[in-house]
Amino acid sequence: MEDEVFQHVVSVFSTLVSWVAAGAIMFGGVVPYIPQYRDIRRTQNAEGFSTYVCLVLLVANILRILFRFGRYYEMPLLWQSIIMIGTMLVMLNLCTSVRMAAELSTKRRSFLATDSKDEEVRIPKRLFLDFDWTYFWSWSRFVDYLQCVLSFTLVAAYITYLLLDSVLFVETLGFLAVFTEAMLGTPQLYCNYQNKSTEGMSIKMVLMWTSGDTFKTGYFLLTEAPVQFWTCGLLQVFVDVAILFQVYYYSRYPQKPVSHTVSHTTSAKAL
């Protein structure tokens, strides 16, 4: 009788732990961006955050969702991708709004041709087929980012549909998804290097990246996720540690005077 009670308690505890782990996987990736989001709203300055982080995570999670059509993986990982895509769109909307407010006196760039006008600024007409790579992922309207993400999703989904029976393609798709995510911190790493400072970047965000990526890699190993997942997870932890080293180095050995002005040129993005 005591053995049955003990086994029941162990079973309930194991189930509870698995639920907590699944919840952490689904929502844990969003948590690091909460302090960064609040900092940008409070200061109305997105200079220290690289929006290319949003690009990396959007591409990685779209590819990961498509990968599941060819090879099954845990449901919490699927929900993690869906939630992360929504989070990155929210971050992009905020950064775009802040930068537009800071650049009303400059010419706005558009992803597609438009006839809309502003009292102060006339938005130039730019056709989708006349895409200007100079301003890629530096557009002035949030809708342009949505159009770009939707276009990428449709093209990637169509290619996946055509090649879904190819094992090589499916495995490559999975590798590209997790490898792209593993490169998440590199835009922020490069942004910090360009600025010779980590001012404007939320250190809490990077600390949460590191702890989250460590937990996630362990989860991949314990759940026997595809090998692409945990190998790229280890790479992601390494990049996080490199950013933390930048925080230490630039605070100990300042490379330039601290600036509180907003500069669009140096505000390359980051996620």
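Procedures and definitions
- Residues numbered from 1 in each chain as written.
- Predicted model: local features only at pLDDT ≥ 70, side-chain atom pairs only at ≥ 80, totals over all residues.
- Heavy atoms only, no water.
- Axes fitted to C-alpha atoms, helices over the stretch in contact; angles between N-to-C directions.
- Helix = DSSP H or I, 4+ residues; strand = E, 2+ residues; numbered from the N terminus.
- Parallel < 35°, antiparallel > 145°, perpendicular 65-115°, else oblique.
- Left-handed = near helix turned anticlockwise from the far one by under 90°.
- Contact = heavy atoms within 4.5 Å.
- Nonpolar A, V, L, I, M, F, W, Y, C, P; charged D, E, K, R; others polar.
- Expected span 1.5 Å × (residues − 1).
- Buried < 20%, exposed > 50% of the residue type's maximum accessible area, 1.4 Å probe, protein only.
- Phe/Tyr/Trp six-rings, centres within 6.5 Å; stacked < 30°, edge-to-face > 60°.
- Lys NZ or Arg CZ within 6 Å of the ring centre and 35° of its normal.
- Salt bridge = Lys/Arg side-chain N within 4 Å of Asp/Glu carboxyl O.
- pLDDT = per-residue confidence, 0-100.
- Core = buried A, V, L, I, M, F, W, Y, C linked by side-chain atoms within 4.5 Å.
- Polar contact = N/O pair within 3.5 Å; in protein donor to acceptor, adjacent residues only side chain to side chain.

Student: An account of the packing of helix α2 (residues 33–43) against helix α8 (residues 203–222) is requested, with residue identities and associated values reported.
Tutor: The interhelical angle for the contact between α2 and α8, taken along N-to-C directions, is 165 degrees, at an axis separation of 7 Å. The angle between the axes of α2 and α8 places the two elements in the roughly antiparallel class. Of the two elements, α2 crosses α8, and the hand of that crossing is left-handed. Contact with α2, carried on its side by Tyr33, Pro35 and Gln36, involves Lys204, Met205, Met208 and Trp209 of α8 and no other residues of that element. Residue classes in the contact of α2 with α8 are distributed as 5 nonpolar, 1 polar and 1 charged.

Student: So what's going on with unusual backbone geometry? Which residues, and what values?
Tutor: Notably, Gln44 is not glycine yet its phi reads approximately 55 degrees, a positive angle. Take Gln44: it is sitting in the loop between α2 and α3 (52–67). Residues other than glycine seldom take positive phi values, yet Lys196 does so here, at roughly 55 degrees. Residue placement: Lys196 occurs in the loop between α7 (186–195) and α8.

Student: Describe α3, listing the residues and the values that go with them.
Tutor: Between its terminal C-alpha atoms α3 stretches 22 Å, which fits the 22 Å expected from 16 residues at 1.5 Å a residue. Within α3, 13 of the 16 residues are buried, leaving the element largely enclosed by the surrounding structure.

Student: Pulling in residues and values, what's your account of the packing of aromatic side chains?
Tutor: Applying the stated criterion across every chain yields a total of 7 aromatic pairs. Centroid distance Phe245 to Tyr248: 6.4 Å. Interplanar angle 45 degrees. Geometry classified as tilted. Linking Phe245 with Tyr248, this pair stays in helix α9 (residues 227–252), spanning 3 residues, or about one helical turn. Taking relative accessible area as the criterion, Phe245 reaches 52% and is therefore assigned exposed. An angle of 75 degrees between the planes, with centres 5.6 Å apart, marks the rings of Tyr249 and Tyr250 as edge-to-face. With a relative accessible area of 11%, Tyr250 lands in the buried category. Site record: aromatic cluster; members linked through ring pairs are Phe245, Tyr248, Tyr249 and Tyr250. Seen from the ring of Tyr193, Lys196 lies directly overhead, with NZ or CZ sitting 4.0 Å from the centre.

Student: With reference to specific residues and values, describe the pattern of salt bridges.
Tutor: In total, this model carries 2 salt bridges according to the counting rule given. A salt bridge links Arg42 to Asp39; its shortest N-O distance comes to 3.3 Å. Here Asp39 and Arg42 lie together in helix α2, a separation of 3 residues that amounts to about one turn. The class of Arg42 is exposed, set by a relative accessible area of 62%. One salt bridge in this structure joins Arg71 and Glu171, with 3.0 Å as the shortest N-O distance.

Student: Lay out the confidence of the model for the chain in plain terms, naming residues and giving numbers.
Tutor: When pLDDT is averaged along the chain, the result is 77, and 82% of the positions lie at 70 or above. The least confident element of the chain, judged by mean pLDDT, is helix α1 (residues 2–28) at 72; the most confident is helix α5 (residues 142–163) at 92. Low confidence marks residues 125–130, where pLDDT is under 50. Its contacts with residues over four positions away, or in another chain, come to 14 contacts. Counting interchain partners and residues more than four positions distant, the pLDDT-below-50 stretch residues 257–271 has 52 contacts.

Student: A description of the nonpolar core should follow, citing residues and the corresponding values.
Tutor: Tyr33, Ile40, Phe49, Met88, Trp137, Trp209 and Phe229 are the most contacted members of the largest nonpolar core, which has 53 residues in total. For this core, the secondary structure elements donating two or more residues are α1, α2, α3, α4 (75–102), α5, α6 (167–182), α8 and α9.

Student: If you had to explain the packing of α3 against α4 to someone new, which residues and values would you point to?
Tutor: Taken N-terminus to C-terminus, the directions of α3 and α4 make an angle of 150 degrees; their axes are 9 Å apart at the nearest point. With respect to α4, the element α3 is oriented roughly antiparallel. Note on packing geometry: the crossing formed by α3 with α4 is left-handed. Seen from α3, the contacting residues are Val53, Cys54, Leu57, Leu58, Asn61, Ile62, Arg64 and Ile65; seen from α4, they are Leu77, Leu78, Gln80, Ser81, Ile82, Met84, Ile85, Met88, Leu89, Met91 and Leu92. Tallied by class, residues from the contact of α3 with α4 come to 15 nonpolar, 3 polar and 1 charged.

Student: Quick rundown of the environment of Ser251? Include the residues and the values.
Tutor: Relative to the helices and strands, Ser251 resides in helix α9. Judged by relative accessible area, which is 54%, Ser251 ranks as exposed. Each C-alpha atom, one on Ser251 and one on Ser197, is 7.8 Å from the other, the two residues being 54 residues apart in sequence. At 2.8 Å, the side chain of Ser251 and the backbone oxygen of Tyr248 are in polar contact.

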